[in-house]
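Examination of the molecular architecture
Listed here are the chains, written in short residue letters.
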Amino acid sequence: MQSENRIFDDFVKLFNGAAGTLAGVGREAESGARARAREWIGGLDFVSRDEFDTVKAMAIAARDEADALRARLDALEARPQEAPSA
């Protein structure tokens, strides 16, 4: 019975070692894939989320300002014209 436990213990140790090795290989593969993806995406001229949000806020502010100026111009054009004094 003692010999069976030793074989079983050796088998468990071997299995645990193999599982740890496979997990390490998986982490390395994932890390390498992420690095390659970052390099590939970096070469495609994508912008970061922060840059996008900043430009979006600037565009919204510019549109609001243009709308305000348009309303002001419409109000000025709606006024009756004064006759020029001679």
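Each value, and the rule that gives it
- Residues numbered from 1 in each chain as written.
- Predicted model: local features only at pLDDT ≥ 70, side-chain atom pairs only at ≥ 80, totals over all residues.
- Heavy atoms only, no water.
- Helix = DSSP H or I, 4+ residues; strand = E, 2+ residues; numbered from the N terminus.
- Rg over C-alpha atoms; globule rule 2.2 N^0.38 Å.
- Buried < 20%, exposed > 50% of the residue type's maximum accessible area, 1.4 Å probe, protein only.
- Areas by Shrake-Rupley, 256 points an atom, 1.4 Å probe, with all protein chains shown as cover.
- Salt bridge = Lys/Arg side-chain N within 4 Å of Asp/Glu carboxyl O.
- Patch = residues over 30% accessible without salt bridge, like charges linked within 9 Å, V, L, I, M, F, W, Y side chains within 5 Å.

Some remarks on the overall build of the chain
Within the chain, the regular secondary structure consists of two helices and zero strands. For a compact globule of 86 residues, the expected C-alpha radius of gyration is about 12 Å, and the chain comes in at 35 Å, more than 25% above that figure. If one aligns the C-alpha atoms of the chain with their principal axes, the spans along those axes are about 125 × 30 × 10 Å. When burial is assessed residue by residue, the chain has 1% of its 86 residues classed as buried. Surface exposure of the chain reaches about 8,400 Å², of which carbon and sulfur atoms provide 59%.

Quick look at the pattern of salt bridges
Inspection of the entire model under this criterion finds three salt bridges. Across the pair R70 and D67 runs a salt bridge whose closest N-O atoms are separated by 3.1 Å. Highlighted residues: R70 and D67, both in helix α2 (residues 49-78), separated by three residues, approximately one helical turn. The exposure class of D67 is partly exposed, given its relative accessible area of 38%.

Considering a nonpolar patch on the surface
On the surface, F8, F11, V12 and F15 cluster together into a nonpolar patch covering about 430 Å² of accessible area. Checked against the element boundaries, F15 lands in helix α1 (residues 2-42). Using a relative accessible area of 54% as the deciding quantity, one classes F15 as exposed.

Looking at the environment of F46
In this fold, F46 is placed in the loop between α1 and α2. By relative accessible area, which is 59% here, F46 ends up exposed. A sequence separation of 30 residues divides F46 from L76, and the C-alpha atoms of the two residues are 44 Å apart.

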